[in-house]
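So the chains spell out like this:
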Amino acid sequence: MEELKYRGKIREGRHRDTWDPFQLNPIGAEKERKRRCFELAQYLVAAIVGLAVLTSAVVAKGSLLVLSTLSSSKSMRTEKEQQFYMLMLTFCLVCPNVLVFLKSLWRCAFKSFVQPNMKTMLFVCGIECLVSLGTSIMVLVVMPQFDVLTNLFIGGGVCIVSAILQIIFRLQRETWKIVFPICSLILIVAGYCLVGIDYYVRVSSFVNNQSDECYTYIGIGIFSSLLISLCWWENPLQATNSMQDKLSELDSFRDFVFVISSILRILVIGGVYLIYHALIQKSITWLDFELQNDWELLQIGLGLFFLQAFCSAACHWFGVVACKIHAVRMSFALPVCCTGPAVLLLGLVLFITQEQKLDRADDHNITLFCESLHALSNKNTTPVVLLEITGSICRTSLNSYYLQWPFSMLALEGICMWSGFVTCTYYVWKIKVQRIERTSQLFVRRLYESAFIDMSLLLNTKMKVPRAQNQESNDEMQNSVIYLCATMWHETYDEMLKILTSMFRLDRYRGDPQEEHKDCFDFECHIYVDDAFMTEKDTGKRLVNSYVNDLIRVVVEVYRVFTNKEPDDVSIIEAPYGGRLIFIMPEGNMLYIHLKDKALIRNKKRWSQIMYLYYLLGWKGYIVKNPQKITRQNNICRESLISMDGEIYLLPQSANDSKRRFITDDNTYILALDGDTDFQPKAVILLVDRLRMYDNVGAACGRIHPTGMGPMVWYQKFEYAVGHWLQKTAEHVFGSVLCSPGCFSLFRGSALMDDNVLKRYTTTSTKASEYVQYDQGEDRWLCTLLLQQGWRVEYNAASDAYTNSPQEFKEFYNQRRRWGPSTLANTLDLLHSGSETVKRNSSISRLYILYQMFTVGSSILGPASVTLMIAGSFQFVFKMEGDIAIIVGSIPPVFYMIICFFTKPNTQITIAGIMSILYAFLMTASFFSIIGEMVVQGTFMTPTGLFLISMAIMYLVTAILHPEEFGMIIYGLMYFICIPSGYLLLTIYSLVNMNNVSWGTRESKEGEEMKKNHNTLCDKSCRICCWDMKIQITQESENLMLQQITGQTAQQAPHSPITNQEITEHEASKPDPQASLDITIKEAEDGAQEPPTNEKKGKGENNDNVSISSADSAERKSISLRSSDEDYDNVVDFNMISNLETEKLPIKDWVTPVKEEFLKKLTYANIKRNLQAQIRYALRNKNEDDVCEELVLMLTDTLNGELSEVGPEDILTDSKLEELHLTLTEQARRILKTSHVEKLEKRVKIAIKKTLAAPQLEHLDEGEHDFWTKLLERYLKPIVETKEHKEEVTKELKSLRNKGVFLYFIVNLLWVVATFFLQAIGNDIISIKIPKTFVNGTETGEYIKVEPLSLMFLLSFAILLLIQFLAMLYHRIYTLIHVVSYRSTEKDYKPKINDDDDDDNGLTVGNPIANGLYVTSDDL
């Protein structure tokens, strides 16, 4: 209700100024806000991850301590049990090495392999062997000799080398922080000393018959701790930039080093185990490993091993997740640091709660209690683990008959070791991580030490995370520029509204100076309008068409919705390809609209993409690499290019080019869009994250949602959902996405500029196969070129974009008629070059090529599979024999194929629609028949039943894992019944019409080239003999004739201001009471049209001159105003003088109507609204609300007084504008002087100037004009095909069509024939018998007979879906990580704290450069 009242209040304010206060409010135009549910979910995920880290670390560490206790020779277990537990302890050390070996081998075999440097590899392998030696000695030799508490504490000493290196290299930024590693070293040494003192007391006190050999094991333990601490030698060296060449070289072949080092580590662990226990201790009896009857021993040993192995791996993975979701402190550092104390606390709790199960537990004498444990070891009722842990505690000083105070030495030892470990890794608490950082950028090693999982995680965390050490100052990771490039082809008003709203949302998100956020990037918006011009029928003038007029109205409307005013900064430029409109968006970002004339430049999407790629990457990249080529802008204070915040911009289009000098091609991104795409800023940022994280990612696409209404849209909703849920995720996980759709995809500039990509993309189609592959699916072909060059294409499921989908059956079929053959052609091209692509592309392996071959084979066999499915439906519904059902099921597709060869496309689509309805009824009947059959038989344990139910469960689970898209599952039934139409009829239609390479959708009508004459009242044609007579009655001729009759000539008519009613087409089309007759005679024999009369020419010229003189007057007005402004006394605006000169050149016919459209902002109603909005916006963050409202009130009153005699829709004359500007400026100066805030005067002046600014007519500079001329000549010149070439191409296309249809037909026919003969031979002879079972597992004694061919295909398809389902699960997890990490760094939408109250009126270069560079007035 509050929202309704607010909107009503705003509307009432508009209604006071105009009789037309009504406006559109596009969905999504409202300001974004953080959703509370997402914030709660973020904290919940962080808490769950932190709890998982703590739990898994505690269980892993506790399991290892229990195993070391059970395997001790001093335990109460038998020798057989001890050696088995020791073997499990060895497996715990081996397990992480096996995992790293498998992962590294996979990457070497299927990703990338670099020849290693032997010296570096030998050095690393030597260190790995020493580390493995220390770990195995500590765990297999030393720890079994100590008690469980000593084992818990002694692990803290593994950070001693890290502390020493931190002291040596002085890695701390602040000098005083060197205290941390020094304290760590002192505490660790003190802890070792306390261990020695504690065991000296035990020996001297005869605790548990402790012998002198314990000193040897203490020394060995200290030595092994030093060896283990060598494991993280790289961390301090990376932080200090030492040995950078060697470390960088190691990174290139680290996978191969891990393969070798993992094998060596396993050998060292096995060697220590065998040498010590088999040769030195001789405690291994090989026959004792036969454990068939020792189930309790197996359960305890294997259970502890799997717990330790699984939980250590889980702890490592959850630790990585915690860092990636920006929960380093709460979910990583805190749980890991608390692991040791938590294990101790958990042991105490378990002992206190379980001690009643031990006899003599009520004894208050600890020594008597410990003596009783030996008697309990022979009782089966006592828990083994609890008994042994208690026995291990009894080996401490607590069990001393003489002195029990030395037990405090053990406690003090634990405190020292834990404190030393925490102080050594203090830097983890201060680490700053980029959003969705790579694991290799967070941790030094891929390997973790399972025996010391908590120390391993913290010591393995990089002391200096690359590209994230200075996040607040916008480090190089954030320096990027994004070019939003939308291609338009006959979009409707509503579709244009979506894309413009999305662009303005991004402008508001990026540039709002009142709100803080860390997503720092620069961007420009470019819209490329294909077929933007038409020829006016009567005058022959080349004017913009109705689509461009709609686009202009949409820009004005969206600007009004976002700012409550008209566009301030509009430039109209003539260009060699047509024209260009330039707007400055509310927050200072640029919006370019490129109007393409198909008579001057090639139209269609691929050529528009080539156009903007060469312009943005080629031309702009060239001029930023050659700064002397950038045109020097003299008008540094041009008022029409000033942001709404009141800060003066140095021509943002040039400022962006200047800033790009600091940005590499790798950080230059192209966001490809369609003219009807709707997206949020979050979607763009998530795609940017993917390209920032991996340097080899050339493109990334998001989740595309089709929009619209009707059955066809419902079908596409589920089709898109399944395609993204399963197919795209599988491609992303196992290799690389094959197609990044052009409606919403982000491309890396350096990837597009790579060899054989953009240059190859400019190839003009000359062969039939090229027409199919290049022009019918340009997005997929571009991705194919990227993949073949070694770039990776990724998919981000959280980046949502919405685009209109075909709502009509015909439009849908025509769209897929283009997509189907193009998809197949590009996939076959990729498979054909598979061996070469595998060598170049680390993301594509031979297994992935095999996977794609299987999917292509499945799609080729799709028509036969659907035919057999329909035959099965006939069997179920009509109880036909199998062979008869196959014959009947094959008749409709063969019939439709013949129809497609001999009828027109429209007829084919009509017949396909009728057949689709019939097939839908059949599929519905089949669906219920299958369910009925399962009910009758009392079981679903049949191949068909299992497949149907498993598919339903899989899709349901998949939909549940996509909670925001769960509603898509509703359209699954529509998708199911349309399978014959989508996979059989559509395939036939696409193949047979492969020779038709027209676009098929949004095609312009034949007569649309000529502009409709809206002011024609009567238009009749008649034929007299050999003459064609055309009688036209128009408003202009009527008015002129009637005026001559009444004696009122045009020269005597009183002057009246131009109004909107006289400008808009709608008002101009209304009949006027005055009338006259204009008769035009057209001679039919030669078909030539009479040229326009001199009167019409003169009229057009006069209009142009009026426009130019108006612009000149506005410029003169601006110069006079500027010279009178005391703040700009010494500024000479040379660019305005040049504008005066250039505007005197002849302008094209389309410019004047476009300029008149933008001049509507100078009506009384618009000026009033714009002035109020400009004042409020210019002073929005200056804490002067009272002055702001007073200015608005007083200036509005002044405006009302000056324009009291002007209508609300009348456009003001130049003289009136100049007078109004002087009056408003003087009034504002008096108000500010009275309020003692003269410092705001410049901002208010700027706001007034922006309010009264007129659109600018400009021309391209010489360099850019030359670029466009040469680009058109070289790549984009309109294609003129000769009749012979067209006939040749048509012949080749038909030949290609016939070959494709023949191949498809033969392959599918073979499959159907094979199934038919298997049916004809009979199930009794060739069939697989599957026992029929009920749900509870009991067999009925009957058998279900299935053809082997059908069963094989069914199983293959099921395996393919299972693989995709597993990939989806994996992808979902990492999508969740990405979303949570984004939410933790999302824009806060909170006001920025403005500490600087002084108004320095500095000149800001666009949005501030990432390194904080500003240009002030002193610099100028």
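For the structure itself, look to the data block above.
Cut-offs and rules
- Residues numbered from 1 in each chain as written.
- Predicted model: local features only at pLDDT ≥ 70, side-chain atom pairs only at ≥ 80, totals over all residues.
- Heavy atoms only, no water.
- Helix = DSSP H or I, 4+ residues; strand = E, 2+ residues; numbered from the N terminus.
- Buried < 20%, exposed > 50% of the residue type's maximum accessible area, 1.4 Å probe, protein only.
- Contact = heavy atoms within 4.5 Å.
- Areas by Shrake-Rupley, 256 points an atom, 1.4 Å probe, with all protein chains shown as cover.
- Phe/Tyr/Trp six-rings, centres within 6.5 Å; stacked < 30°, edge-to-face > 60°.
- Lys NZ or Arg CZ within 6 Å of the ring centre and 35° of its normal.
- Expected span 1.5 Å × (residues − 1).
- Polar contact = N/O pair within 3.5 Å; in protein donor to acceptor, adjacent residues only side chain to side chain.
- Salt bridge = Lys/Arg side-chain N within 4 Å of Asp/Glu carboxyl O.

### Quick notes on the overall build of the chain
Inference 1: When helices and strands are tallied, the chain shows 51 helices and 21 strands.
Inference 2: A burial count over the chain gives 55% of its 1420 residues as buried.
Inference 3: Long-range contacts, defined as pairs at least 24 residues apart, comprise 80% of the intrachain contacts of the chain with a sequence gap of at least 6.
Inference 4: For the chain, the computed accessible surface area is about 63400 Å², with 60% contributed by carbon and sulfur atoms.

### Remarks on the packing of aromatic side chains
Aromatic ring pairs are defined here through the distance separating the ring centres and the angle between the ring planes.
Inference 1: Summed over the entire model, instances satisfying the criterion amount to 42 aromatic pairs.
Inference 2: With a centroid separation of 4.5 Å and 15° between ring planes, the pair formed by F180 and Y426 is classed as stacked. Taken together, the residues span a long stretch of sequence, with F180 in helix α7 (residues 179-205) and Y426 in the loop between α17 (407-424) and α18 (439-442) at a distance of 246 residues.
Inference 3: By relative accessible area, F180 is classed as partly exposed at 26%.
Inference 4: Judged by its relative accessible area of 15%, Y426 falls in the buried class.
Inference 5: In textbook terms, an aromatic cluster arises when at least three aromatic residues are bridged by ring pairs, as seen for Y715, F718, F809, F812, Y813, Y955, Y975, Y983 and Y989.
Inference 6: Between the NZ or CZ atom of R606 and the centre of the ring of W607, over which it lies, the distance is 4.4 Å.
Inference 7: In this structure, R606 is placed above the aromatic ring of Y761, and the distance from its NZ or CZ to the ring centre is 5.9 Å.

### Examining helix α45 (residues 1164-1178)
Residues that lie three or four places apart on an α-helix share one face, since the helix turns once every 3.6 residues.
Inference 1: With 15 residues, α45 should cover 21 Å at 1.5 Å per step; its first-to-last C-alpha distance of 21 Å lies within 8% of that length.
Inference 2: In terms of burial, α45 is a largely internal element, 14 of the 15 residues being buried.

### Quick notes on the side chain of T837
Inference 1: Secondary-structure assignment places T837 in helix α31 (residues 834-840).
Inference 2: On the basis of relative accessibility, which here comes to 1%, the residue T837 falls in the buried class.
Inference 3: A polar contact is formed between the side chain of T837 and the backbone oxygen of S833, at a distance of 2.8 Å.
Inference 4: When near neighbours in sequence (up to four residues on either side) are disregarded, T837 contacts L787, Q788, L830 and I844.

### Looking at the pattern of salt bridges
Inference 1: Under the definition given, this model contains 39 salt bridges.
Inference 2: Between K1250 and D569 there is a salt bridge, and its shortest N-O distance comes to 3.8 Å. Of this pair, K1250 sits in helix α48 (residues 1241-1251) while D569 sits in the loop between α21 (546-563) and β5 (570-575), and the two are 681 residues apart along the sequence. Residue K1250 shares its accessibility class with D569, and that shared class is buried.
Inference 3: Among the ionic pairs, E1189 bridges to R1176, the shortest N-O distance being 3.3 Å. Here E1189 is found in helix α46 (residues 1185-1202), whereas its partner R1176 is found in helix α45, with 13 residues between them in sequence.
Inference 4: One network of salt bridges, with partners in common, ties together E1226, R1229, R1230, E1241 and K1245.

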